[in-house]
Amino acid sequence: ILGGKNMTSKTKKITRVGVVAGLYAVITLVLGSISYGQVQFRLAEAMTLLPLFGKEYILSLTIGCFLANVIGPYGVPDIILGTLATFISVYLVYITGKLIKDKKGCLIIASLWPTIVNAIIIGGVMLHGLFKLPLILSVLQVGIGQFVVITIIGVPLFRFLNNKYSKLLKDILN
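Note that the structure is a prediction, hence the values are computed from the model and not measured. (Residues numbered from 1 in each chain as written. Predicted model: local features only at pLDDT ≥ 70, side-chain atom pairs only at ≥ 80, totals over all residues. Heavy atoms only, no water.)

### Let's talk about helix H3 (residues 56–71)
Reasoning step 1: Here H3 spans 24 Å end to end across 16 residues, near enough to the 22 Å set by a 1.5 Å rise per residue.
Reasoning step 2: By the burial criterion, the buried members of H3 are Glu56, Tyr57, Ile58, Ser60, Leu61, Thr62, Gly64, Cys65, Ala68 and Asn69.
Reasoning step 3: Among the structural elements, helix H1 (9–30), helix H4 (76–99) and helix H7 (166–173) are those in contact with the buried residues of H3. (Helix = DSSP H or I, 4+ residues; strand = E, 2+ residues; numbered from the N terminus. Expected span 1.5 Å × (residues − 1). Buried < 20%, exposed > 50% of the residue type's maximum accessible area, 1.4 Å probe, protein only. Contact = heavy atoms within 4.5 Å.)

Shown next, in the form of structure tokens:
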């Protein structure tokens, strides 16, 4: 699908990394009013489940987050801490996929990592530590936004797409 039979496996992976990074950044920026802040519903975060398909999505989502945060309103703290939070989150999603073979349980557990990591790093370290916003409120607001987007929206979307378009997704994502 990505370039036909002449495209090498490495080229396909590089293409997927670029496409997913670009999608993450564009979705976040287009929906900027709900993507940044104490209460954020960064819909691109639903893609943090992609590392269950392959480790290249760790890189693509980290780059996408970096790009979105470079243009975002919080500047250097979000560029560094937001990108770090995404990297840790998607790495843990990938590891969860490797360690837990029960697909249903794996998906739920994997979906919780971005919530936990972002609540701590963005809510606790950035919003509270650097911007002096209330700790508990900041952690809860970021955590709830992440949970809604990834676990409440992302997991059912992931399941629907995987059930309905399994073969197509495998061709595109692998």
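### What to know about the packing of aromatic side chains
Reasoning step 1: For the structure shown, the criterion picks out four aromatic pairs.
Reasoning step 2: Between the aromatic rings of phenylalanine 53 and phenylalanine 158, the centroid separation amounts to 5.5 Å while the plane-to-plane angle is 45°, which identifies the pairing as tilted. In this pair, phenylalanine 53 is assigned in the loop between helix H2 (32–35) and H3 and phenylalanine 158 in helix H6 (residues 135–164), connecting sequence segments 105 residues apart.
Reasoning step 3: Overall, the relative accessible area of 19% leaves phenylalanine 53 in the buried class. (Phe/Tyr/Trp six-rings, centres within 6.5 Å; stacked < 30°, edge-to-face > 60°.)

### Quick word on the confidence of the model for the chain
Reasoning step 1: In this model, the chain carries an average pLDDT of 93, and 97% of its residues clear a pLDDT of 70 or more.
Reasoning step 2: When pLDDT is averaged over each element of the chain, H4 comes out on top at 98 and H7 at the bottom at 78. (pLDDT = per-residue confidence, 0-100.)

### Some words on a nonpolar patch on the surface
Reasoning step 1: Together, Ile34, Leu43, Ile108, Leu112, Ile116, Ile120, Phe147, Ile152 and Ile153 make up an exposed nonpolar region whose accessible area comes to about 710 Å².
Reasoning step 2: Taken together, the elements giving at least two residues each to the nonpolar patch come down to helix H5 (103–130) and H6.
Reasoning step 3: The greatest single-element share of the nonpolar patch, amounting to four residues, is contributed by H5.
Reasoning step 4: Mapped onto the elements, isoleucine 108 comes out in helix H5.
Reasoning step 5: Residue class for isoleucine 108 comes out partly exposed when judged on its relative accessible area of 34%. (Patch = residues over 30% accessible without salt bridge, like charges linked within 9 Å, V, L, I, M, F, W, Y side chains within 5 Å. Areas by Shrake-Rupley, 256 points an atom, 1.4 Å probe, with all protein chains shown as cover. Salt bridge = Lys/Arg side-chain N within 4 Å of Asp/Glu carboxyl O.)

### Some points on the nonpolar core
One broad rule of soluble globular proteins: the nonpolar side chains tend to lie buried together.
Reasoning step 1: In this structure, Tyr24, Met47, Leu49, Leu50, Tyr57 and Leu61 are the most contacted members of the largest nonpolar core, which totals 25 residues.
Reasoning step 2: Those elements that provide at least two residues to this core are H1, H3, H4, H5, H6 and H7.
Reasoning step 3: Examining the composition of this core, we find that five residues originate from one element, H3, more than from any other.
Reasoning step 4: Filtering out sequence-adjacent residues up to four positions away, leucine 49 remains in contact with Val93, Leu107, Ala110, Ser111, Ile150, Gly154, Val155 and Phe158. (Core = buried A, V, L, I, M, F, W, Y, C linked by side-chain atoms within 4.5 Å.)

### A word on the pattern of salt bridges
Side-chain pairs of opposite charge can arise where the charged atoms are in close proximity.
Reasoning step 1: Evaluation of the coordinates by the stated rule reveals one salt bridge.
Reasoning step 2: With its nearest N and O atoms 3.2 Å apart, the salt bridge here joins arginine 16 to glutamate 56. Of this pair, arginine 16 sits in helix H1 while glutamate 56 sits in helix H3, placing them 40 residues apart in sequence. Side by side, arginine 16 and glutamate 56 carry an identical accessibility label, which is buried.

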